[in-house]
Amino acid sequence: MQQETSAGGTWQALSKETARAVEKAGGVVVAVHARRRIPSSGVHWRPGIVATANHTIERDEQIAITLPNGQRTTASLAGRDPGTDLAILKLEGADLPAPEIGDAAALEAGHWVLVTGRTREGGPRAAMALVGVAGPAWRTPRGGLVDQTLRLDRNLHPNLSGGPAVDAEGRVLGIQTAGLARFAGVVIPASTVERVTQELEKKGHIGRAYMGAGLQTVRLPQTVRESLKLANETGIIVVGVEPGGPAEKAGIALGDVIVALDGKPTEDIDDVQSFLVSERIGKQAKATVLRAGRLAEAAITVGERPAAG
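Structural notes, computed from the coordinates. (Residues numbered from 1 in each chain as written. Predicted model: local features only at pLDDT ≥ 70, side-chain atom pairs only at ≥ 80, totals over all residues. Heavy atoms only, no water.)

1. Quick word on the side chain of Asp-256
Working step 1: Structurally, Asp-256 can be placed in the loop between helix H4 (246–249) and strand S18 (257–261).
Working step 2: Residue Asp-256 is classed as buried on the basis of its relative accessible area of 3%.
Working step 3: In terms of polar contacts, Asp-256 uses its side chain to reach the side chain of Arg-291, at 2.7 Å.
Working step 4: When residues no more than four places from it in sequence are discounted, the contact partners of Asp-256 are Ile-236, Ile-237, Val-238, Gly-251, Val-289, Leu-290 and Arg-291. (Helix = DSSP H or I, 4+ residues; strand = E, 2+ residues; numbered from the N terminus. Buried < 20%, exposed > 50% of the residue type's maximum accessible area, 1.4 Å probe, protein only. Polar contact = N/O pair within 3.5 Å; in protein donor to acceptor, adjacent residues only side chain to side chain. Contact = heavy atoms within 4.5 Å.)

Listed below in structure tokens is the structure:
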């Protein structure tokens, strides 16, 4: 009997702590009405700016926000980034606090997180999920750079997309979305949300760095590697060059094999993608290429990929 009572007390204490964490985070959580039927959730990230999941924003106008006090107001789309599935909304006349940010980098597989949101009526919604996978930075299928891999063990209710994942203290670890993986929710860490939000506020979109070249991985012959003292086992062969693009302007030609960018070996396409972050747009990069059995260098001014359409 004593053991049952002790277990019950522990469970009750845990329930109170999780409810307290949801309540604390709730001051920055809003409902976002920008699609049919089910609203999504969002986080008041900084004064006048709500961050949410881009895939839940199905219209650019007539967006409504339900505030934590239940009042409804309007918002305008300030920018979106399909690459990281983040969008920001501009909110006028709402006096909401900013979130207290937790340490997402400390999360490991097996840790629990709370995911919070708001219902259509403005009431709180919460779910508990296990961190199924925790790992390094990754590129989404649409090319967005996410600073940390945080995949949950299951999908959550669609209403929770765009809402914060919080720790036991109610601190925001990131934004949860169902838009980046088919079978499990993903937490976009707060560092990524902050970086993307800053650029969206400035430009309304995220610039995608590119070189204007079609690339494939190719194995380097051992004799070539030994004669040129290359550490790479593979390189990146140029199979297409965009007319007038950065690569062509730098003198890159079909058949060139890129073995390094700014001195860092490039052995697969991921190495090139990791190099081409938005911060490099407009800056010069030194490409080391294998051409006709010899090494050459080309200075590529990294461009910004033109918008589709």
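2. Re the environment of Gly-174
Working step 1: Mapped onto the elements, Gly-174 comes out in strand S13 (residues 172–177).
Working step 2: Using a relative accessible area of 0% as the deciding quantity, one classes Gly-174 as buried.
Working step 3: Taking the C-alpha atoms as reference points, Gly-174 and Lys-24, 150 residues apart in sequence, are found 15 Å from one another.
Working step 4: Residues within four places of Gly-174 in sequence aside, it is in contact with Gly-163, Pro-164, Ala-165, Val-187, Ile-188, Pro-189 and Ala-190.

3. Let's talk about the pairing of strand S4 (residues 63–66)
Working step 1: Burial along S4 is two-sided: Ile-63 and Ile-65 facing one way and Ala-64 and Thr-66 facing the other are all buried.
Working step 2: In this sheet, S4 lies alongside strand S1 (residues 29–33) in antiparallel orientation, the contact comprising 3 bridges. In the sheet register, Val-32 faces S4, and the bridge partner there is Ile-65.
Working step 3: Direction of pairing for S4 relative to strand S5 (residues 72–81): antiparallel, over a ladder of 4 bridges. The residue of S5 that forms the bridge with Ile-65 is Thr-73.
Working step 4: Remark: 5 residues form the turn of the hairpin made by S4 and S5, two consecutive strands paired antiparallel; Gly-70 in that turn has positive phi of roughly 95°. (Pairing = 2+ DSSP bridges.)

4. Comments concerning the packing of aromatic side chains
Working step 1: Scanning the entire structure with this criterion turns up 0 aromatic pairs.
Working step 2: Its end group placed over the ring of Phe-275, Arg-280 keeps NZ or CZ at 3.7 Å from the ring centre. (Phe/Tyr/Trp six-rings, centres within 6.5 Å; stacked < 30°, edge-to-face > 60°. Lys NZ or Arg CZ within 6 Å of the ring centre and 35° of its normal.)

5. Some thoughts on the sheet that holds strand S6 (residues 86–91)
Working step 1: Strand order in the closed barrel made by the 6 strands is S1-S2-S3-S6-S5-S4, with antiparallel pairing throughout. Between one strand axis and the next, the sheet turns through 40° on average, direction left out of account.
Working step 2: Alignment of S1 against strand S2 (residues 40–46), held across 4 bridges, turns out to be antiparallel. From the neighbouring strand, Ala-31 faces S2, where its bridge partner is Ser-41. (Axes fitted to C-alpha atoms, helices over the stretch in contact; angles between N-to-C directions.)

6. Here's the deal with helix H2 (residues 190–203)
Working step 1: Here H2 spans 20 Å end to end across 14 residues, near enough to the 20 Å set by a 1.5 Å rise per residue.
Working step 2: Along H2, the residues that are buried comprise Ala-190, Thr-192, Val-193, Val-196, Thr-197, Glu-199 and Leu-200.
Working step 3: At the exit of H2 stands Gly-204, carrying a positive phi of roughly 80°. (Expected span 1.5 Å × (residues − 1).)

7. Concerning the nonpolar core
Within soluble globular proteins, side chains that are nonpolar tend to cluster in buried spots.
Working step 1: Trp-45, Leu-86, Ile-175 and Val-193 are the most contacted members of the largest nonpolar core, which totals 26 residues.
Working step 2: If you list the elements that add at least two residues to this core, you get helix H1 (2–25), S2, strand S3 (49–53), S6, S13, strand S14 (186–189) and H2.
Working step 3: Ranked by the residues each element gives to this core, the list is headed by H2, at 4 residues.
Working step 4: With sequence-adjacent residues up to four places away left out, Val-193 is seen in contact with Trp-45, Ala-51, Leu-86, Ile-175 and Ile-188.
Working step 5: Judged by nonpolar contacts, the second largest core, of 18 residues, contains Met-211, Ala-247, Ala-250 and Ile-300. (Core = buried A, V, L, I, M, F, W, Y, C linked by side-chain atoms within 4.5 Å.)

8. A few points about unusual backbone geometry
Working step 1: With phi around 70°, Arg-37 is a residue other than glycine that occupies positive phi space.
Working step 2: Relative to the elements of secondary structure, Arg-37 occurs in the loop between S1 and S2.
Working step 3: Unlike most non-glycine residues, Asp-85 shows phi in positive territory, near 55°.
Working step 4: When you line up the elements, Asp-85 lands in the loop between S5 and S6.

9. Details of the side chain of Arg-118
Working step 1: By the secondary structure assignment, Arg-118 is in strand S7 (residues 112–118).
Working step 2: Of the side chains bearing the opposite charge, Glu-23 lies closest to the buried Arg-118, which forms no salt bridge; the N-O distance is 9.5 Å.
Working step 3: At 2.6 Å, the side chain of Arg-118 forms a polar contact with the backbone oxygen of Val-29.
Working step 4: A polar side-chain atom of Arg-118 sits 2.8 Å from the main-chain carbonyl oxygen of Gly-122. (Lys, Arg positive; Asp, Glu negative; His and termini not counted. Salt bridge = Lys/Arg side-chain N within 4 Å of Asp/Glu carboxyl O.)

10. Overview of the pairing of S6
Working step 1: Within S6, 5 of the 6 residues are buried, leaving the element largely enclosed by the surrounding structure.
Working step 2: Bridge count between S3 and S6: 5 bridges; the pairing is antiparallel. The residue bridging Thr-52 from the neighbouring strand is Ala-87, located in S6.
Working step 3: Here S5 pairs with S6 via 6 bridges, running antiparallel. Across the sheet, residue Gly-79 finds its bridge partner in S6, namely Ile-88.
Working step 4: The hairpin formed by S5 and S6 contains 4 residues between the paired strands, and Asp-85 there has a positive phi angle of roughly 55°.

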